[in-house]
Amino acid sequence: MNWSEEILTSLIWLVKTFVISGVGFIIVFGAVLKFTQTGRDFIRLSGGYFSPKRSLKPLVLLSTVILFALIGVRLAILNSQANNGLYTALQELNASNFWYNFGIWAIIATTFICYALGNYYLKNMLTIDWRYWLTQSLVEKWLNQQNYFRSHYTATTIDNPDQRIQQDIDSFVSLSLSLSIGLLDACVSLFEFTIILWTLSGALSIFGIEIPRAMVVLAYAYVFLATLIAIWLGRPLIQLNFLNEKLNANFRYALIRLREYGESIAFFRGEACEKTGLLSRFDQTIANAWAMVYRSLKFDGFNYVVTKVASVFALVIQAPRLFAHEIKLGDMMQSAQAFGEVQGSLSFFRTSYDNFANYRAVMIRLSGFLDVVDEAQNLPRIVPKHQGSTLAIQGFSTLKPDGSALCTGLSLQLAPGDALLIQGPSGIGKTTLLRAFAGLWPYATGELSLPDGAALFLPQKPYLPLGTLKEALFYPNAVNDQPLDTLLAQVQLGHLVARLDEEDDWGRVLSLGEQQRLAIARALIIRPAVIFLDEASSAMDEGLEFALYQLLRQQLPQAILVSIGHRSSLSQFHSHQLHLAAQGRWTLS
């Protein structure tokens, strides 16, 4: 080998191989994307990321990663040639030739270290950028038009959407890149090292039958048979990996609920019941884990046998030729390396089957997530008009999911300063009516017109985001420099003034009554045109409730109030009353 010309030769090889590999990559992956479900799911998840209309950066990064994969193959070829020279020099006891080839090897090794670091950086650069885009895309779809809430009413249900966004996206991106680049590397290595193995192979006689280029023939036959057996052994791992993700997520969710409802569970002394439920879910996880262990014992055990046999296969085949002085020691060692590369490339699907199984399971979970998001997106919704200064409802009806009526043909109009109190038996559909006004309840028809300006919904259990108390007070708007001392004192939360800039989980720190008062303060900051209060003062005593409703009327005299409540004392703050009854009946006074 003429090492003095190798730089130019390698550059020419890289250009040719990059072009050929690029065309092959496009053809093969294009066929996979078009004709397989896995490909269609991939396009659905990441087609937008690789679209040149959005940005050329992902395609440039991917092309560079592919180029680096080819550089790795070329370095492996050069390393095999250098090793041949080293071992041949040792056999011939040629010191000058040995040190010359050692110098070549040292240059290749140094280049390989630089290549490995650059390859690591580029792969992670693409992975992080891809993961960021995909996470942002799925979060936007999940939050768009309240899909995270409306998905409760879809025919298709999913478990643990949080895990699918956080963990499954990471797995999907990492596996997509490692499997695709691994396949390309395997194909190029297979082609190049088959040529090397072909030149070093000789004939082999088995049972009187002479096999020309026996090393190549036996390598392909060996790996083909091993791959078929490995696929048969590893096929059940697809479903087991899917169940592993699902069952672990269910167990983790149960633990989160234990922390979230810790106070209620403690009051009920429900530890024994919770322990039974937790261990029941954990038992399912363990049972599936054992099933994976037993299947992996068969799968991995077979792979270990195949790998160990392959490590000496080439030496056994080439040893007779070495002893007969047909080849040199360097040729034998290069044959062993080339056989290992060919066997490794051919074994890519066999050794990566577990990853392919996990990849398919992850893709099923992410596709299921998108199915539910699309289904939630397509659910009907009431889209209110924002015009004028009145709240107008015309022919408004709400239904249960089974089609039975909750409220039928409701029509009313509220002017600025009016207030409506909605009452009725528990479970009659009062909260559902407010959900329909907010566009959250899909089983509703009719027309709704809201006044110009903001509309604010205050539920019985207010939401307080993680962060400072001031951020919770201004939610969902940005924090400003508005003085809050007087406001907090008006809602009887003056003791919290000193803690406004303190970060905490305020949903746990504050009592429900304090949270409801904070929500009233939030309404006074936002100053909406209409406020919907769903038992928003239920945790207050009647005196405090009276004071806060009076505060709302004083501070927001033109705001329209729509309240749900059971206390008769609320009537004095409302100009209209709506009573809901069974079978969709209602009365307005």
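Residue positions are given per chain, counting from 1 as you read along its sequence in written order. Since the coordinates come from a predicted model, pLDDT governs what is reported: local features require at least 70, and pairs of side-chain atoms require 80 or more to be given and counted, while whole-chain, interface and lining totals use all residues. Water and hydrogen atoms play no part in the side-chain values, which are based on all heavy atoms of the structure.

K.L.:
Give a description of the overall build of the protein that names residues and reports values.
P.N.:
Labels follow the DSSP assignment, with helices taken as runs of H or I lasting at least four residues and strands as runs of E lasting at least two, numbered in each case from the N terminus. If you tally the helices and strands in the protein, you get 19 helices and 14 strands. At 35 Å, the protein has a C-alpha radius of gyration far larger than the 25 Å of a compact globule built from 589 residues. Expressed along its principal axes, the backbone C-alpha trace of the protein runs to roughly 110 × 50 × 45 Å. Summary of the burial criterion: residues with accessible area below 20% of their type's maximum are buried, those above 50% are exposed, and those between are partly exposed, where the area comes from a 1.4 Å probe applied to protein chains only. When each of the 589 residues of the protein is scored for burial, the buried share is 45%. Residue pairs at least 24 apart in sequence account for 78% of intrachain contacts in the protein once pairs closer than 6 positions are excluded. Residues scored as charged are limited to Lys and Arg (positive) and Asp and Glu (negative), so that His and the chain ends carry no count. By convention, the charge on Lys lies at NZ, on Arg at CZ, on Asp at CG and on Glu at CD. Looking at the protein, you have 45 positive and 45 negative side-chain charges, and the mean spots of the two groups are 5 Å apart. Every radius of gyration here is taken over C-alpha atoms, with the globule rule written as 2.2 Å times N^0.38, N being the number of residues. Note on contacts: a residue pair is in contact if any heavy atoms of the two residues lie within 4.5 Å.

K.L.:
Pulling in residues and values, what's your account of a nonpolar patch on the surface?
P.N.:
Any residue with relative accessible area above 30% and no salt bridge may belong to a patch, with like charges joined within 9 Å and the nonpolar Val, Leu, Ile, Met, Phe, Trp and Tyr side chains within 5 Å. Where accessible areas are quoted, they stem from the Shrake-Rupley method and a 1.4 Å probe; at the residue level, only the protein chains shown are allowed to cover. Here, a salt bridge means any side-chain nitrogen of Lys or Arg that lies within 4 Å of a carboxyl oxygen of Asp or Glu. Judged by side-chain polarity, Val-15, Phe-18, Val-19, Val-23, Ile-27, Val-28, Val-32 and Leu-67 come together as a nonpolar surface patch covering roughly 640 Å² of accessible area. Element by element, the count of residues in the nonpolar patch is highest for helix H1 (residues 6-35), at seven residues. Turning to its location among the elements, Val-19 is positioned in helix H1.

K.L.:
Which residues make up the confidence of the model for the protein, and what values do they have?
P.N.:
Averaged over all residues, the pLDDT of the protein equals 87, while 99% of them reach at least 70. At the level of individual helices and strands, the protein shows its lowest average pLDDT in strand E1 (residues 204-206), which scores 68, and its highest in helix H4 (residues 95-143), which scores 93. The pLDDT value expresses, per residue, how confident the predictor is, ranging between 0 and 100.

K.L.:
Please provide a residue-by-residue account of the sheet that holds strand E12 (residues 560-564), values included.
P.N.:
The strand order across the open sheet formed by six strands is E8-E11-E12-E6-E13-E14, and the pairing between neighbours is mixed. With one partner strand each, in any of the chains shown, strand E8 (455-458) and strand E14 (586-588) form the two edges of the open sheet. Put simply, the sheet's adjacent strands are angled 15° from each other on average, direction ignored. In terms of strand pairing, strand E11 (residues 530-534) meets E12 through five bridges, oriented parallel. Pairing of Ile-531 across the sheet is with Leu-561, part of E12. Only strands that DSSP links by at least two bridges are regarded as paired with each other. As a rule, the C-alpha atoms of each element are fitted with a line to give its axis, helices using only the stretch in contact, and angles between N-to-C directions run from 0 to 180 degrees.

K.L.:
Account for the pairing of E12, naming residues and giving values.
P.N.:
Taken across its five residues, E12 has five buried, putting it largely inside the fold. Alternating positions in E12 separate into two faces, Ile-560, Val-562 and Ile-564 on one and Leu-561 and Ser-563 on the other, with burial throughout. One ladder, built from four bridges, connects strand E6 (residues 419-423) with E12; its direction is parallel. Its bridge partner being in E12, Ile-422 is matched across the sheet by Ile-564. For the crossover that starts at E11, traverses helix H19 (residues 542-555) and ends in the parallel E12, the hand is right-handed. Note on handedness: a clockwise path from strand one over the helix to strand two, with the strands aimed away from the viewer, defines a right-handed crossover.

K.L.:
Give me the lowdown on the sheet that holds strand E3 (residues 385-386), citing residues and values where you can.
P.N.:
Strand order in the open sheet formed by four strands is E3-E7-E4-E5, and the pairing between neighbours is mixed. Since the sheet does not close on itself, it has two edges, and those belong to E3 and strand E5 (405-414), each with one partner. In this structure, E3 lies alongside strand E7 (residues 444-450), joined through two bridges in parallel fashion. Counted as the bridge partner of His-386 is Leu-450 from E7. Of the strands in this sheet, strand E4 (391-399), E5 and E7 touch helix H14 (residues 430-437), which is tilted by about 120° from E4.

K.L.:
Got a sec to walk through the packing of aromatic side chains? Specific residues and values, please.
P.N.:
Between two aromatic rings, the relevant description is the distance of the centres plus the angle of the planes. Classification of ring pairs uses Phe, Tyr and Trp, with its six-membered ring standing for Trp, and accepts pairs whose centres are within 6.5 Å; under 30 degrees between planes counts as stacked, over 60 as edge-to-face, and the remaining range as tilted. Summed over the entire model, instances satisfying the criterion amount to 29 aromatic pairs. Taken together, a centroid distance of 6.4 Å and an interplanar angle of 20° make the contact between Phe-98 and Phe-102 stacked. With a gap of four residues between them, Phe-98 and Phe-102 both fall in helix H4, about one helical turn apart. A ring pair is formed by Trp-290 and Tyr-294, whose centres lie 5.7 Å apart and whose planes are at 25°; its orientation type is stacked.

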